[in-house]
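So the chains spell out like this:
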Amino acid sequence: MTEGQTKNDFLSEVIAKTAGGETLLTCLQCGTCGGSCPSGPDMDYTPRKLFAMIQADMKEEVLQSNTPWYCVSCYYCMTRCPKDIPITDIMYTLKNMAVEAKYYDSSDAPDFSESFIGYVEKYGRSFELGLATRYHLTHKPLSKFSYGPFALGMLMKNRVSLTPERIENIDQLRAILNKAKSLEVV
Amino acid sequence: MRYGYYPGCSLGSTAAPYDQSTKAIAKPLGLELEEIHDWNCCGATEYFSIQKTAAYALVARNLALAANQGGITQLTAPCSACYLNLRKTDNYMGKYPEINAHTNEALAAGGLSYKPGSLKVRHLLDVVVNDVGLDAIKEKVTSPLKGLRLAPYYGCLLVRPTLGEEVDDPEYPTHLDELLDVVGATVVDFPLKAHCCGGHMTQISADTAYELIRRILQNADEYKADAIVTVCPMCQLNLDAYQSQVNGHFGTSFNLPILYFTQIIGLAFGMKPKELGIGKEIVSASPLLSKIGAEVEEPEARPARRRRDDKSLPMPKI
Amino acid sequence: MTEKVGVYICHCGSNIAGQVDVEGLAKWAKENLDGVVVARDYKFMCSSLGQELIEDDIKNEGLTRVVVGACSPHLHEKTFRRACANAGLNPYLCQMASLREQVSWVTEDKELANTKAKALISGAVHRVQFQKELEAKEVPVNPNTLVVGAGIAGIQASLELADAGYQVYLVEREPSIGGHMAQFDKTFPTLDCAACILTPRMSDVGAHPNINLLSYSEVEEVSGYVGNFDVRLRKRARYINEDDCTGCGICIDKCPKKVIDDVFEAGLGYRKAVYRPFPQAVPKFPVIDTESCIYFERGTCKACEKFCPTGAIDFEQEDTLLDLNVGNIILATGFDLFDVRRIPQYGYGRLANVFTNLEFERLCNAAGPTEGKVVMRDGVTQPKSVAIIHCVGSRDVHYNEYCSAVCCMAALKFGHLVKEKTGAEVYSFYIDLRTNQKGYEEFYNRLLEEGMHFIRGRVAEVTDAARMPGEEGKLIVQAEDTLLGKQRRIPVDMVILMAGLESRADAHDVALKFGISCSMAGWFTERHPKLAPVATMTDGIFIAGTCQGPKDIPATVAQGAAASARVQSMITRGTVEIEPIVATIHEENCSGCRICNDLCPFNAIDFDEEKKVSVINQALCKGCGTCVAACPAQAISGAHFNNDQIFAEIEGLLYDAVSGNGAKAAEPAKESVPA
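The model shown is predicted, which means the values in this text are computed figures rather than measured ones.

Calculation criteria
Residues numbered from 1 in each chain as written. Chains lettered and ligands numbered in written order. Predicted model: local features only at pLDDT ≥ 70, side-chain atom pairs only at ≥ 80, totals over all residues. Heavy atoms only, no water. Buried < 20%, exposed > 50% of the residue type's maximum accessible area, 1.4 Å probe, protein only. Helix = DSSP H or I, 4+ residues; strand = E, 2+ residues; numbered from the N terminus. Arc of directions from axis to C-beta. Contact = heavy atoms within 4.5 Å. Pairing = 2+ DSSP bridges. Axes fitted to C-alpha atoms, helices over the stretch in contact; angles between N-to-C directions. Core = buried A, V, L, I, M, F, W, Y, C linked by side-chain atoms within 4.5 Å. Domains from an automatic or database assignment. Buried area = accessible area lost by both parts, 1.4 Å probe. Salt bridge = Lys/Arg side-chain N within 4 Å of Asp/Glu carboxyl O. Polar contact = N/O pair within 3.5 Å; in protein donor to acceptor, adjacent residues only side chain to side chain.

(A) Region of the structure containing helix α10 (residues 148–156) of chain A. Here α10 of chain A has its buried residues at Phe150, Gly153 and Met154 of chain A. Down the axis of α10 of chain A, the buried side of the element spans an arc of 95°, and every buried residue falls inside it. In α10 of chain A, the exposed positions that point more than 90 degrees away from the buried face belong to Pro149, Leu152 and Met156 of chain A. Close packing links the buried residues of α10 of chain A with α10 (233–241) and α11 (243–250) of chain B. Residue Asn158 of chain A follows α10 of chain A closely and has a positive phi angle near 60°.

If you want it as structure tokens, here you go:
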């Protein structure tokens, strides 16, 4: 918690919602994160640049960028950061904030995650066939023909469950998740 | 040795061979793997993207169930993503009081609770290499995998982030290399062995993911690997099932079978491929199997003394 | 009590007066505290006028005790004691109350601050009336000096002391003096050849009549106190008789055993089992390395003995122990390099053409393994492109948090040398460029003009896994070019890692041996970072050079000279004052239990075997009071901190609990305790 250390509300919010996030204030802008990121070249802004933007209170640009959604959670940045900034965790925070601000309403990445957790909340386990079908049919279905051989291969090798599996105590899980959603992110 | 076993969602479907081979080798290795009753999905990287508090609670339900399952203190997961989620949740609950408070408050709504530190969360590879031990494994090898050039592929989440407790080096891990050596294979130590396979990017941005997958396949191929050995269902899926997509996208012609380390151990223990789920991989491992026991070219012996006109500088010791 | 106490409350500008009602406090002291005859407040007590207030009152009012409520005694205790002494009052009859560091600077609430200020003044007034006159002792200072470490810092200090006419014992662990500077090629920013400026100093040391050079030796034990240290040294056996050896070097030529030289050549070159670290070594005598020598391994060979024209080889030679007595010690033990193997993603040890900064110095050095040619690991090929990676192991919480001070300049220097020797393209990967001393910024500009490329981005990894055209067969340096905001991959032939500076591996042990402190990172602790950088908290022991922290050669030489100046001032004075605040053991009460012996942090307590009592060496004693408190027979008293004084202070502090809001001095404790 920064407690009045900065007038930058956006920065304060990011720090408050990320465990260990106050280290973001000590960022040297060295670029190790941007240099290590496997998907860095495909991001609108490198992670380092994103942090400079957060420090400059550029909330809209940050939350509308594709950077957090291109994070592959490889944790190279977090392992190598010389200031021990929990970068990957900050990316998750930014994703949370972008979803809440509805900046990525109709784009691909958050939809994939939301579809995924839809099944988890329904059955307690993930259901790949359902996920793939729902997601791909609602996102550029025509471009997905190239997945044909892949899908066929998986089906033939019996590596796809055709029906979802449900856990016994799904009510317990739902109660837990609902309670959690009512609590703030820390 | 008794462990709580958390298979994770993919081991029931896309990674069924991993589950099968794990259970097949558990007995000879002396591992008692007790599945956690009514475990739920760990959320992979998806739940954290939407709402963190719920994501921790989702994982914590599994920790709570495991901790209360008849004296279990060690929880092992074969999937790197599940492993990280379980370990990270336990670690963060212990390190950050607010996360602990919120997570337990959520668990209480389901009549559960979990005290951080009650379980030691271990990846299956860690359990095999460190608890069973390489010597014990070597003794049980009946069909050493001579003739096979195997590239150990660690992926990311097994070794990173360290969270203050390093099981293997996060940049240059060696546990899997050592295991493959002990089962008699030729270990292909390739530079990208701990680089990212792209994870779920195959669904978000295929271009990005295919490039990451291609790099790994290419590097292993350059180092003349016969197969890549993985420790994670996501990595296996990406490298195996998407190999033809990658070939199509880049015009390459990779044909590298991708197997789980448990399948490799099983083969070295003389088990039948079918028992280990071999045959379910998209890029067939049959050519690989026929290579076992083939003659290996001995590397040229290095001369004992430096030649007089050798001007090269000595390499540093590692 | 019949003492006449003067109380002086300092405003310290607004430092104290801003929180504490200084006028009111002085008035309150005069009206409420017994014994106070004069109470004043003043803007700056430490000023000459402030001191004169005290001196005048002592003379005119006949004060017998003085209390000054001001800053911390660390700063001005000496000042006020001196003022008392000038006016004829024993300096130990003065007591300070820290109204700044202990009250105004740390208490936010004004009311609480004032209450605490009153308590501290009351405590001091009560206490001071029980204080006794003490006389400082003087001990003689032995004019000999021990200098540990013969790198450029130790050499500078030794030469200055020796030129002043004093005897110096210069101890060096390696077979030759010279330290790290002897390994370098050129030095920044002047591009002077390191050996050219160092070796004349080394010869001076070797030839100086006042310098006793003890090379290939180490200090084993140190005891004693300022002015009077006893040092035991181990002079290691060279297995070569120095009286007979002419330094001809035939033994080295004939020795059949070649090994990698891990020390001087940084692992890039070879030496023999009998060797001199480098050609200009001082002293000139070689050394036999028993770990590599064939004779010591299996009893055969002895080629050196066979060919030595003067029969100087002596395989039976043994280490000798030397006992010395010196007045002062200067530690100039230098630094070690950060171990770059801790950062595997930079490829050192796996990728052939990744070198450390020290290895690169050896490559450039004309007396090095490649005779000064900048070539790749094959020893032959010149690189066409070189990447220099800054901050390896520095500015990183996982390794060392600090900046190593010299690497940016050294990197620029390497850039220049590479261009000069090979014409290759040079890329510097940096976070910040630290070029802050005389001539340094100009040096940076010179490199810009020479066409060196600067990419602002800390390197993520060095790899040989080619991905794009042009990368085959090269080392690829991957970093984000932060000024462009883009990830870049630069293929190069050679990579130089600017490894940071660390303290010596045994720094903590050395600090313990000499009784000084060092930081967690192992840098020796200076007495004050700004005002006393070469002194330590242990009187008589000084530090100089990189053992105190990373620094360049000019700063190192300056510190070597500074340390020698400090020592010279001690020697010239001839004696040193020992504070009389020490403990005394009353023989008649001592039962000889010896509990105090091991408790003393300064090893100041010995045991008299004849009388069977413990005895305190008052020159070593620092008056910490540990033994006083521990003695079960209460046989030890601590001067200036005896029971009367302490209890009086406590009662003074509790003024409002003991006797309501007034603060009558309580009666002294009735128990009889030895003073």
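Let's pick the thread back up.
(B) Representation of the pairing of strand β7 (residues 227–230) of chain B in the model. Residue and element names in this part refer to chain B. Neither face of β7 is left uncovered, since the one carrying Ala227 and Val229 and the one carrying Ile228 and Thr230 both have all their residues buried. Here strand β5 (residues 149–152) pairs with β7 via 3 bridges, running parallel. Bridging from a neighbouring strand, Pro152 pairs with Val229 of β7. Bridge analysis of β7 against strand β8 (residues 258–260) gives 3 bridges, and the strand direction is parallel. Residue pairing for β8: Ile228 is matched across the bridge by Ile258.

(C) Inspection of the sheet that holds strand β12 (residues 228–235) of chain C at higher detail. Residues and elements named next belong to chain C. Across the sheet, which stays open at both edges, the 3 strands sit in the order β11-β12-β17 with antiparallel pairing between neighbours. With partners counted over all chains shown, the strands left at the sheet margins are β11 (217–225) and β17 (320–326), one partner each. Ignoring which end each strand starts from, the neighbouring axes of this sheet average 20° apart. Pairing of β12 with β17, which is carried by 7 bridges, proceeds in the antiparallel orientation. Residue pairing across strands places Asp230 opposite Asn325, the latter belonging to β17.

(D) Geometry of the sheet that holds strand β26 (residues 486–492) of chain C. All names here are of chain C. The strand order across the open sheet formed by 3 strands is β24-β25-β26, and the pairing between neighbours is antiparallel. The open sheet is flanked by β24 (461–463) and β26, the only strands paired with a single partner. Each neighbouring strand pair of the sheet contributes to a mean axis angle of 25°, computed without reference to strand direction. Strand direction decides the pairing type here: β24 and strand β25 (residues 475–481), joined by 3 bridges, are antiparallel. Bridge pairing in β25 places Glu461 opposite Gln478.

(E) Molecular detail of the nonpolar core. Leu94 of chain A together with Ile137, Leu145, Leu150, Leu179 and Phe261 of chain B are the most contacted members of the largest nonpolar core, which has 146 residues in total. A domain-level breakdown of this core finds at least three residues from each of domain 1 (2–124) and domain 2 (140–291) of chain B. In contact with Leu179 of chain B, not counting residues within four places along its chain, are Leu125, Val129, Leu134, Ile137, Phe261 and Ile265 of chain B. Of all hydrophobic cores here, the second largest spans 44 residues; its members include Met96, Val103, Ile121 and Tyr655 of chain C.

(F) Up close: the interface of chain A and chain B. Of the residues lining the interface, 65 residues belong to chain A; the matching set on chain B comes to 69 residues. Of all residues in chain A, Tyr76, Arg159 and Ile176 of chain A bury the most surface against chain B, accounting for 12% of the area lost on that side. Linking chain A with chain B are 4 salt bridges. Across the pair Lys179 of chain A and Glu105 of chain B runs a salt bridge whose closest N-O atoms are separated by 3.7 Å.

(G) Examining the pattern of salt bridges more closely. A full pass over the atoms with the stated rule returns 57 salt bridges over all chains. Between Lys88 of chain B and Asp89 of chain A there is a salt bridge, with the nearest N and O atoms lying 2.6 Å from each other. Placement of the pair is Lys88 of chain B in helix α4 (residues 80–95) and Asp89 of chain A in helix α7 (residues 87–100), with the two residues belonging to separate chains. The class for Asp89 of chain A is buried, based on a relative accessible area of 3%.

(H) View of the domain arrangement of chain B. Residue and element names in this part refer to chain B. Considered domain by domain, chain B is made up of domain 1 (2–124) and domain 2 (140–291). Between the C-alpha centres of domain 1 and domain 2 there is a distance of 24 Å. If you sort the residues of domain 1 by the area they bury against domain 2, Tyr18, Ile25 and Arg87 come out on top, with a joint share of 23%. Seen at the junction of domain 1 and domain 2, the total is 1 salt bridge. Inspection of the domain 1/domain 2 interface yields 10 residue pairs in polar contact (both at pLDDT 80 or more). Of all elements in the fold, only α1 (16–29) and α4 reach the threshold of two or more residues within the side of domain 1 that touches domain 2. Looking at which element gives the most residues to the side of domain 1 that touches domain 2, the answer is α1, with 10 residues.

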